Amino acid sequence: MNEVLMREIARIAEVAGYLWAKGWAERNGGNISVNVTALMSEEEKKRPAIAPAVSLPEAMTALAGHIFYVTGTGKRMRYVAQAPFANGSLIRIADDGLSYEIIAEEAIAPTSELPSHLLMHNYLRAKGRDNKVVLHTHPTDLIGMTHCKPLIQSEVITRLLWSMIPECRIIVPKGIGIVPYEIPGTVELAHATIKQLEKHDVVFWEKHGILAVGEDIIECFDAIDTLGKSAQIYFSARMAGYEPEGMTDEQLDGLVPAFGLDKIE
Ligand code: 13P
Ligand code: ZN
């Protein structure tokens, strides 16, 4: 593997370590996929498959020939951090988009959320968005919030988390999409998530976890980390016995021109 690709793999391993250190990755919780096609030479892209092709539930037509690093199913983030190729794999999507092959040295089966990840990559590429990364993780505070019915609505939870610190409005400018509970790993979960990606880069899966898409793995982590910080501020205030005031609409709106943000209606 070339040096540029290995540098990106090292950044993925770095983030996997953060997920564990943050307490967001119990056992095998969470998964990562990164489109690494642009980081490979033409020769590397043709690496032979080391296992039979595996069918995909739908044709990923926008991903024909693309190559992804994906964490393995059942693999622990704390070990992805130490050994990314013993706990994850490189897969290549077939030219018809209907299957993938493993082209790494070890045949590590991809995450059970692969249908979701690939359908998201496929959707984003078809839209011309250069989001190479899908990051899914299990942050305790944010998942806790999804158990609260009055909070689990896009505008309500976005407004609440934005209003805890100015950075949240700046770092997560498109707010949060909500997907009601679905069985993990299903195409239903994938389709419901894609709908939310029309407007948002971060989606909360009710009673399960958080998902971020972006161009860069560190930025995806930062978005979730900043939301987690807001959630902690909110819960600390509630535990101390008061409802935090939160930034006013005027204070939040003041960030829009100051930081060149898009205003969300
Ligand atoms: P995998 O081990 O298959 O990636 O599953 C973990 C998870 O978080 C499912 O949502
Ligand atoms: Zn999960």
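Each remark here, short or long, concerns the structure printed above.
Cut-offs applied
- Residues numbered from 1 in each chain as written.
- Chains lettered and ligands numbered in written order.
- Predicted model: local features only at pLDDT ≥ 70, side-chain atom pairs only at ≥ 80, totals over all residues.
- Heavy atoms only, no water.
- Near = heavy atom within 4 Å.
- Polar contact = N/O pair within 3.5 Å; in protein donor to acceptor, adjacent residues only side chain to side chain.
- Areas by Shrake-Rupley, 256 points an atom, 1.4 Å probe, with all protein chains shown as cover.
- Helix = DSSP H or I, 4+ residues; strand = E, 2+ residues; numbered from the N terminus.
- Buried < 20%, exposed > 50% of the residue type's maximum accessible area, 1.4 Å probe, protein only.
- Contact = heavy atoms within 4.5 Å.
- Pairing = 2+ DSSP bridges.
- Phe/Tyr/Trp six-rings, centres within 6.5 Å; stacked < 30°, edge-to-face > 60°.
- Lys NZ or Arg CZ within 6 Å of the ring centre and 35° of its normal.

(A) Main features of the site of ligand 1. Around ligand 1, the structure places Asn28, Gly29, Gly30, Asn31, Thr73, Gly74, Thr111, Ser112, Glu113, His136, His138 and His208. The contact in question runs from an oxygen atom of ligand 1 to an N or O atom on the side chain of Glu113, over 2.5 Å. Between an oxygen atom of ligand 1 and a side-chain N or O atom of His136, the distance comes to 3.3 Å. Within the complex, 93% of the 310 Å² of free accessible area of ligand 1 lies under protein.

(B) Structural view of the environment of Leu39. Examined against the element boundaries, Leu39 turns out to sit in the loop between β1 (31-35) and α2 (42-45). With a relative accessible area of 25%, Leu39 lands in the partly exposed category. Remark: the alpha-carbon pair of Leu39 and Arg7, spanning 32 residues in sequence, is separated by 9.7 Å. Among residues more than four places away in sequence, those in contact with Leu39 are Asn2, Val4, Leu5, Glu8 and Glu44.

(C) Broad picture of the pairing of strand β5 (residues 99-102). In this structure, strand β2 (residues 54-55) lies alongside β5, joined through two bridges in antiparallel fashion. Across the sheet, the residue bridging to Val54 is Tyr100, located in β5. Bridge count for strand β4 (residues 88-93) against β5 is three bridges, and the pairing is antiparallel. Within β5, the position partnered with Ile91 by the bridge is Ile102. What sits between β4 and β5 in their antiparallel hairpin is a turn of five residues, with Gly97 showing a positive phi close to 70°.

(D) Inspection of the packing of aromatic side chains at higher detail. For the structure on display, the rule yields four aromatic pairs. Between Tyr18 and Phe221, the ring centres sit 5.1 Å apart and the planes meet at 45°, which makes this aromatic pair tilted. Of this pair, Tyr18 sits in helix α1 (residues 3-21) while Phe221 sits in helix α9 (residues 217-239), placing them 203 residues apart in sequence. Note on Tyr18: relative accessible area 32%, which makes it partly exposed. Here the aromatic rings of Trp24 and Phe221 are separated by 5.5 Å at their centres, their planes lie at 35°, and the arrangement is tilted. With Trp24 in the loop between α1 and β1 and Phe221 in helix α9, this residue pair connects regions lying 197 residues apart in the sequence. With relative accessibility at 6%, the residue Phe221 sits in the buried group. Taken together, the ring pairs in this structure connect Tyr18, Trp24 and Phe221 into an aromatic cluster. The ring of Trp20 carries the charged tip of Arg78 above its face, separated from the ring centre by 4.6 Å.

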